[in-house]
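Overview (structure and organization)
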Amino acid sequence: MGSGQVTSSSVPFEFQGKHVTVAGLGVSGVPAAKVLHGLGARVTVVNDGADERARAQAAELEALGVTVRLGDGTASDSGSAAGLPEGTELIVTAPGWKPTKPLFTAAEQAGVPVWGDVELAWRLRGPDAPPWLAVTGTNGKTTTVRMLASILKAAGLRTAAVGNIGVSLLDTVTGDTEYDVLAVELSSYQLHWAPSLRAHSAVVLNLAPDHLDWHGSMEAYAADKGRVYEGNRVACVYNLADKATEDLVRAADVEDGCRAVGFTLGTPAPSQLGVVEGLLVDRAFVEDRQQNAQELAEVSDVDPPAPHNIANALAAAALARAFGVPAAAVRDGLRAFTPDAHRIAHVADVDSVAYVDDSKATNTHATEASLAAYESIVWIAGGLAKGATFDELVVGAAKRLRGAVLIGADRALIREALARHAPEVPVVDLDRTDTGAMLQAVQEARRLARPGDTVLLAPACASMDMFTNYNQRGDAFAQAVRELGA
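Residues numbered from 1 in each chain as written. Predicted model: local features only at pLDDT ≥ 70, side-chain atom pairs only at ≥ 80, totals over all residues. Heavy atoms only, no water.

1. Comments concerning the overall build of the chain
To be explicit about the condition: By definition, any uninterrupted DSSP run of H or I lasting at least four residues is a helix, any uninterrupted run of E lasting at least two residues is a strand, and each is numbered from the N terminus. To get the radius of gyration, use the C-alpha atoms; to get the globule rule, take the number of residues to the power 0.38 and multiply by 2.2 Å. Accessibility here uses a 1.4 Å probe with only protein chains present; expressed as a share of the type maximum, an area under 20% marks a residue as buried, one over 50% as exposed, and anything in between as partly exposed. Throughout, a contact is declared for two residues whenever any of their heavy atoms are within 4.5 Å. Here Asp and Glu are counted as negative and Lys and Arg as positive; His is not counted, and neither are the chain ends. Each charge is placed at NZ for Lys, CZ for Arg, CG for Asp and CD for Glu.
Looking only at helices and strands, one finds 17 helices and 20 strands in the chain. Against the compact-globule benchmark of 23 Å for 486 residues, the chain has a radius of gyration of 24 Å, which places it among compact chains. Across its three principal directions, the C-alpha atoms of the chain cover 70 × 60 × 40 Å. Counting only residues that meet the buried cut, the chain has 54% of its 486 residues in that class. Taking all contacts inside the chain whose residues are at least 6 apart in sequence as the whole, residues at least 24 apart take part in 65%. Counting 41 positive and 59 negative side-chain charges, the chain places the centres of these two groups 1 Å from one another.

Rendered as structure tokens:
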């Protein structure tokens, strides 16, 4: 893996002297610019914004000899743009930049390739680079990739959870830490810009409409997710409950011998992982899978044991087993795993009512899974809908709802869906979008709840109308619950 310092003596030939434009600063652009500069490329960074953070990042790069253009309009979606910096031979883009940006239109016209930071990291791997076990999907990516890393570590393997989880793949690939295997979370944005990525094994956990403003259509979004299967060597793991994921496996061009492996919350058939009498079992990576199954763990080893989280655990187990991890390590890794905050986290019981924080449920697909985990719910929901509709969500959850408390800018959309499909459910509509509304929401939910119920914050919406992010929203909920019990 080298010394961690990329120098000209170890430069792949094609980067030396090449003029590379890096699109965007931030968590991916700055490392990309530094790595490319270290490879001997002539680097120009373009960035539409010129705020204080961007100016500080620009100064850091300029001190190294990197050219930075701030606020030149290259990132805008409309109007004239500065276009390609003269002589550009390659663009390395931040994952969030839309394919419709004028910069990319100009690149296509000029025949200039566009890579993301994941593509760059893939191409910079050394000859002894560790294989990648890749995880994508609309929901559950971070939990699954962290479960996977925990299982791999329990097997004694040197590993890390990297990628869209917030740990730079570029830093990992060019760093001096040696790994046996990497657990890699990939977003649809990252996959769009990573045409040559070829994982050891990969999973698409699920598919639901998301980021359609970026991709342009559900078909384009699914196709970008499906790129994770291209060239897989050992296993393409898919979700039996989501046929679209199996369709992506069928469409993928994989290496000879690569297998399709399904996971299900039901009893598994051969070449599947599933659940039998409270046990997670494997009928894919065993001898004589027509007749045999291997116990991996108990459902109670999964924290929390909500249905969608058991599915995450099965997906992680499938990737680990594809890499040859023994069954005992799956059990030990799941037991050692601690879920992130604000992901179906039990806050407290007050007067025999459970209060659960799933602020990370920022879209309807995640909220559907969250609501399915409890029998009788007082639902706290609302925020920025991002174009979502809520009828299907309410239809599926209506029988579980004791009541609903709505907050946020687009709460009327949820209120109207409840009126259409669950008119018997009492609804409290809080006409306020200040952060203090959460305390009132929790108090109203307490009034509606009965012993044995669950008060569930699963907003089905983004948080930025009222809060900085979903973390702050979840923290406000937890603090309000603590005040109830004080």
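2. Looking at helix H11 (residues 307-322)
Applied cut-off: Any helix carries an expected span of 1.5 Å times its number of residues minus one.
Between the first and last C-alpha of H11 there are 23 Å, a value that for 16 residues agrees with the 22 Å anticipated at 1.5 Å per step. Burial analysis of H11 places 14 of its 16 residues in the buried class, which makes it a mostly covered element.

3. Points about the pairing of strand S9 (residues 201-204)
What counts, and what does not: DSSP calls a pair of strands paired once it identifies at least 2 bridges connecting them.
Neither face of S9 is exposed, since Ser201 and Val203 on one face and Ala202 and Val204 on the opposite face are all buried. For strand S6 (residues 132-136) and S9, the ladder comprises four bridges, and the chain directions are parallel. Each bridged residue has a counterpart across the sheet, and for leucine 133 the counterpart in S9 is serine 201. Pairing of S9 with strand S10 (residues 235-239), which is carried by three bridges, proceeds in the parallel orientation. Along S10, the bridge assignment pairs valine 203 with valine 237.

4. Quick look at the side chain of glutamine 190
As for its placement among the helices and strands, glutamine 190 is situated in helix H7 (residues 188-192). For glutamine 190, a relative accessible area of 7% translates into the label buried. Once residues lying within four places of it in the same chain are set aside, the contact partners of glutamine 190 are Pro95, Val118, Gly163, Asn164 and Glu185.

5. Some remarks on the sheet that holds S6
Note the cut-off: Axis lines are fitted through C-alpha atoms, for helices just across the contact stretch, and the angle between N-to-C directions can take any value from 0 to 180 degrees.
Spatially, the nine strands line up as an open sheet ordered S7-S8-S6-S9-S10-S11-S12-S13-S14, and their pairing is mixed. In this open sheet, the two edge strands, each paired with only one partner strand, are strand S7 (161-163) and strand S14 (294-298). Put simply, the sheet's adjacent strands are angled 25° from each other on average, direction ignored. In the packing of helix H5 (residues 141-154) onto the sheet, the strands contacted are S6, S7 and strand S8 (182-185), and the crossing angle to S8 comes to about 180°. Sheet strands in contact with H11 are S6, S9, S10, strand S11 (259-263), strand S12 (272-276), strand S13 (279-282) and S14, and its direction is about 135° off that of S12.

6. Observations regarding the nonpolar core
Applicable threshold: Grouping buried Ala, Val, Leu, Ile, Met, Phe, Trp, Tyr and Cys residues that are joined through side-chain atoms within 4.5 Å yields what is termed a nonpolar core.
Membership of the largest hydrophobic core comes to 54 residues, with the highest contact counts inside it found for Leu36, Val45, Leu120, Trp132, Leu186 and Tyr229. With five residues, the single largest contributor to this core is helix H1 (residues 26-38). Ignoring anything within four residues of it in the chain, the contact list for tryptophan 132 reads Val118, Ala121, Trp122, Arg125, Leu169, Val173, Leu182, Val184, Leu197, Ala199, His200 and Ser201. Counting 43 residues, the second largest nonpolar core, distinct from the first, contains Leu148, Val302, Leu314 and Leu334.

7. What to know about the pattern of salt bridges
Where we set the bar: Within this document, salt bridges are pairs made up of a side-chain nitrogen of Lys or Arg and a carboxyl oxygen of Asp or Glu, the two lying within 4 Å of each other.
By the definition in use, this model includes 21 salt bridges. A salt bridge links arginine 321 to aspartate 282; its shortest N-O distance comes to 2.7 Å. Note that arginine 321 is positioned in helix H11 and aspartate 282 in strand S13, a separation of 39 residues in sequence. By relative accessible area, arginine 321 is classed as buried at 12%. One salt bridge connects arginine 411 with aspartate 431, and the closest N-O pair in it is separated by 2.6 Å. Highlighted residues: arginine 411 in helix H15 (residues 411-421) and aspartate 431 in the loop between strand S19 (427-429) and helix H16 (437-448), separated in sequence by 20 residues. Note on arginine 411: relative accessible area 11%, which makes it buried. The class for aspartate 431 is exposed, based on a relative accessible area of 67%. Counted as one network, the salt bridges with shared partners bring together Arg411, Arg415, Asp429 and Asp431.

8. Regarding the packing of aromatic side chains
The condition is simple: Each Phe, Tyr or Trp ring (for Trp, its six-membered ring) is paired with any other whose centre lies within 6.5 Å, and the angle between the two planes then decides the class: stacked below 30 degrees, edge-to-face above 60, tilted in between.
Counted according to the given criterion, the structure contains four aromatic pairs. Consider the rings of tryptophan 122 and tryptophan 132, whose centres lie 4.9 Å apart with planes at 75°: the pair is edge-to-face. Of this pair, tryptophan 122 sits in helix H4 (residues 117-123) while tryptophan 132 is found in strand S6, placing the two residues 10 residues apart along the sequence. Each member of the pair, tryptophan 122 together with tryptophan 132, is buried.

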